[in-house]
Each structure stands twice: as structure tokens, then as C-alpha cells.
Amino acid sequence: MAKVKLIYLLFLAVFASSSCSQEEVDQQVLLPSNLQVSVEKTGRGAVKIDFQAIDANFYKVSYGLPNQVPERVVGNSVVYNYNAEGTYTIRVQAHSTEADFISLTKSVEITGAELEEEIPLTGFESPLTYNGYNLVWNDEFGGSSLSSDWVYDIGDGCPNLCGWGNNELEYYRQENAEVRDGYLIIKAKQENFGSRNYTSSRVKTQGKKSFTFGRIDVRAALPKGQGIWPAIWMLGDNITTVNWPACGEIDIMEMIGGNADGRDNTIHGTVHWDNNGNYAQFGGSKKKNSGIFNGEFHVFSIIWNKDKIVWLLDNVPYHEIDITPGALDEFKKPFFLLLNVAVGGNWPGSPNGTTIFPQQMVVDYVRVFQEI
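Throughout, residues of each chain are indexed from 1 in the direction in which the sequence is written. Per-residue local features are limited, in this predicted model, to residues with pLDDT of at least 70; the limit for side-chain atom pairs, both in listing and counting, is 80 or more; totals at the level of whole chains, interfaces and linings are taken over all residues. Side-chain numbers come from the whole structure's heavy atoms, not from hydrogens or water.

(A) View of the sheet that holds strand β1 (residues 33-43). Within the open sheet, the 3 strands sit side by side as β1-β2-β5. Their pairing is antiparallel. Single-partner strands in this sheet number two, and they are β1 and β5 (77-81). Recorded for the sheet is a direction-independent mean angle of 20 degrees between the axes of neighbouring strands. Two strands form a pair only when DSSP identifies at least two bridges running between them. Here a helix means four or more residues in a row that DSSP labels H or I, a strand means two or more in a row labelled E, and each is numbered from the N terminus. Of the strand pairs in this sheet, strand β2 (residues 46-54) and β5 are connected by 5 bridges, and their pairing is antiparallel. Axis definition: a line fitted to C-alpha atoms, limited for helices to the stretch in contact. Angles are taken between N-to-C directions and run from 0 to 180 degrees.

Okay, structure coming up:
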């Protein structure tokens, strides 16, 4: 009887051992195999990732960003847009179950040149002459550097006007403005400099050229994206003595980028002033019928005389203000010009994961006409 019992126990041990081995075999069978991954750059920081594995039920992908958790994707392909230069390690996981998977990594290098946008070839162009006006000053941005009519704002506006008074996020540098092929190109970049996470440029004619009244045409192609804030504007010469807003501000064009509420397709023209000790502003906007302001040139203009300021887009008026009241005397004095691309701030908000850097405003020319 003892011998039979021993044989029975040995049988159970062999059976248990056999079952365990089979489970291990089954577990191996469940794992996907032969994972193949390819990565293709498609332009402006975008990459197309294709993947396939035998016995995979679904896939997860991470794109090499800090502290990123792999994301479940649909199908066997995904497109991802990088918004800053660098070398990224893409990891693809082929899953049979949530816990059972194999993985493969691929590296991709995104350069600053690959992120740059091409200069547009199309768009509206204004004439060099108008009846009743003389061209008194212009810059067509020939050569390889800015003319002596321009100076740079450098820094972030702190401590007195931190973020240039709007809580902006950029540090303005000379290096972000380039004159090339007949254009002034102002680039906003995502990079650490001067304790800021973004850089850009702001140029102005302060102390060099200022004007009272006239028609001003600026042909430019605008950037785009959440948190991007290009501006073509003017400030009163007396800002150093009376400060803002008593000096007056004329915004020929501003745009706050982003997909929300169609912001990339809307420009704004505004004036700011001091109304008997109280801040005042008055503005209007113009929305494109189709498309956005990125990708082609437009001409942003004002016609400014002693009675009114009229804003125009591609020579079509869309907004005006009567400046004859005494409270608007700021706008009957000399103003200088400014061109810049801000990043972040109270109005546009901060960039997010949809914002691609670098972004650029390309200025073809600035022309100032005055009545004969």
C-alpha cells in the first residue's frame, strides 16, 4: 500500500512539473515576435512611424520626451510632430496583453534647419506710389544685415517691465533677426537663454526714424501656433519722458496664434492711450475668409492723418478711429516703428504641445508715405 502511495505521489509531481512547463510555453506563445519599426521624416519636425509584429494585438509608442509614458495607438502607423531640435529615442511596444509585450527603439535627430519654414512665394503686394503721397522712407531689407535705421531691444524687460509688461516668456536677442534674400526674418525659438525658455527678436527705429501722419505699408508673412504673438506697431517718441500709455501706441497689426477660436486667421488693429489719467484702448479685427495668415504674404497698413487712423489689410479698410478729440492728442506727435514676435503673455497664453518651433515672421518691406 505504501508503494502504491509513493507511485501516486511521483505521478502527481511529474504532472505538476509538466503543467508548469506547458504554462511557460503558452506564455511564450502569447508574446508577439518579429517586431519591425521604421521612422521617416516628413518635414517641419514631423515623423511617420510604421510598425508591425506577429501576434500583436495592439501597440504603444513613446517619442523620447522626458518622463513620457508610452501611449496606446490605433493601427500600425502614427505621425508625431517634434517642436524642438534634438535627438529623440522612439520606443515601440507590441502587446499581446497589457502586461505582455516586446519592444524596439529607434533614434531620430531633428535639426533646427529641418524645423524652419520656407519663405512664401505668393501673396498680396502693394505699389511703390500712391496718388497724393510721397515715399519718405522705406526699407526693402537688401544686403545681409539691418540698416542703421534700426536698433535692437535686448533682454526680457525685467525688472521694471517683466516680460515686457505683458508677462511674456521670451528673451529678445539680436541673433534671432536675420536679413537674407531681401527679407527680414524674425525667429522665435524654444531654447534656454537668460533664464527664459524661449528667444526671439524685437527691432525698432527709436532714435533713428520717427513719423507724424502718413500711410505705412508693411508686407509680411506671419508665424502661427498657440502662444505666438507677432506684432507690427508704433510708440510715441516721448515714451522716455511720459511713459506708456501716455506716449500712445498704434498697433498696425497683431495676431495671437493658435487653433482656438480661429486665432491664426484673425489680425487686430488697436490704439492705446492715456485718457485723462485713465488707460484707454480702441481696436478692431479682421478675419480671413479662408485659410490663415501663415504661408503667404499680406500687406498690413494704416492711413494716419490729423483726423483719424484707418487700418487696412491688403489695401482694404477694416477699422478706424476718430482722433480729433483732445484726449487723443498723443496721436498727433512723432512715433517710431517696432517689429517683433513675442512668445506667451497675458493675451495669447503660453505655447503648448501643438506649438512648433521655430516660428518666423518674414518681413518683405516697410514703407512710409506722407501727403504731398
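Still to come is the rest of the account.
(B) Geometry of the packing of aromatic side chains. Centres within 6.5 Å make a pair out of two Phe, Tyr or Trp rings, where for Trp the six-membered ring is used; the pair is then stacked when the planes are under 30 degrees apart, edge-to-face when over 60, and tilted otherwise. Enumeration according to the criterion identifies 19 aromatic pairs in this entry. When the ring of F213 is compared with that of W304, the centres are 5.6 Å apart and the planes differ by 75 degrees; the resulting orientation is edge-to-face. Taken together, the residues F213 in the loop between β14 (202-204) and β15 (214-221) and W304 in strand β20 (residues 298-304) connect sequence positions 91 residues apart. For each residue, the accessible area found with a 1.4 Å probe, counting protein chains only, is set against the maximum for its type, and the residue is called buried under 20%, exposed over 50%, and partly exposed in between. In this structure F213 comes out as partly exposed when scored by relative accessible area, which is 24%. Taking the relative accessible area as the measure of exposure, W304 reaches 2% and is therefore buried. Only Lys NZ and Arg CZ are tested; either one counts as a charge over a ring when it is within 6 Å of the ring centre and within 35 degrees of the ring normal. The ring of F293 carries K288 above its face, with NZ or CZ at 5.4 Å from the centroid.

(C) Quick peek at the nonpolar core. In terms of nonpolar packing, the biggest core is built from 49 residues, with L184, I250, F300, I309, F331 and L339 touching the most fellow members. If one sorts the elements of this core by residue count, strand β23 (residues 335-343) sits on top with 5 residues. When neighbours within four sequence positions are excluded, I250 is seen to be in contact with W233, M234, T270, V271, I302, W304, I309, W311, F331 and F335. With 20 residues, the next largest nonpolar core counts V47, Y88, I90 and I110 among its residues. Working definition of a nonpolar core: buried Ala, Val, Leu, Ile, Met, Phe, Trp, Tyr and Cys residues. They are joined through side-chain atoms within 4.5 Å. Two residues qualify as a contact provided that any one of their heavy atoms is within 4.5 Å of a heavy atom in the partner residue.

(D) Fine view of the pattern of salt bridges. Should a side-chain nitrogen of Lys or Arg be within 4 Å of a carboxyl oxygen of Asp or Glu, the pair is scored as a salt bridge. Tallying each qualifying case throughout the model produces 18 salt bridges. Between D153 and R202 there is a salt bridge, with the nearest N and O atoms lying 2.8 Å from each other. Of this pair, D153 sits in strand β9 (residues 151-153) while R202 sits in strand β14, placing them 49 residues apart in sequence. Relative accessible area serves as the criterion here: at 9%, D153 is assigned to the buried category. Members of the salt-bridge network, linked through shared partners, are D153, R202 and K204.

(E) Main features of the side chain of E254. Tracing the sequence through the fold places E254 in strand β17 (residues 249-254). Note that His is not counted, nor are the chain ends; the positive residues are Lys and Arg, and the negative ones are Asp and Glu. Among buried charged residues, E254 stands out as having no salt bridge; its nearest opposite-charge side chain is R202, 9.3 Å away. A 3.5 Å cut-off defines polar contacts: any pair of N or O atoms within that distance qualifies, except that in protein one atom must be a possible hydrogen donor and the other a possible acceptor, and neighbouring residues in sequence count only when both atoms are side-chain atoms. Of the polar contacts made by the side chain of E254, one reaches the side chain of W229; its length is 3.2 Å. In this structure, E254 is in contact with W229, P230, A231, T266, I267, H268, T270 and W347, ignoring residues within four places of it in sequence.

(F) Representation of unusual backbone geometry in the model. In this structure, P159 follows C158 across a cis peptide bond, with omega equal to 5 degrees. Within the fold, P159 resides in the loop between β9 and β10 (170-172). Here W244 and P245 are connected by a cis peptide whose omega angle stands at 10 degrees. Take P245: it is sitting in the loop between α3 (239-242) and β17. A positive phi angle is found at N34, which is not glycine, with a value near 55 degrees. Of note in this structure, F213 is not a glycine but carries a positive phi near 70 degrees.

(G) Up close: the sheet that holds strand β18 (residues 266-275). On the basis of which strands lie adjacent, the open sheet formed by 7 strands has the order β9-β14-β23-β16-β17-β18-β19 and antiparallel pairing. What marks the edges here is a single partner per strand, and that holds for β9 and β19 (278-287). Taking each pair of neighbouring strands and ignoring which way they run, the sheet shows an average axis angle of 20 degrees. In the sheet, β18 pairs with β19 via 10 bridges, with the strands oriented antiparallel. Directly across from W273, in β19, lies its bridge partner A280.

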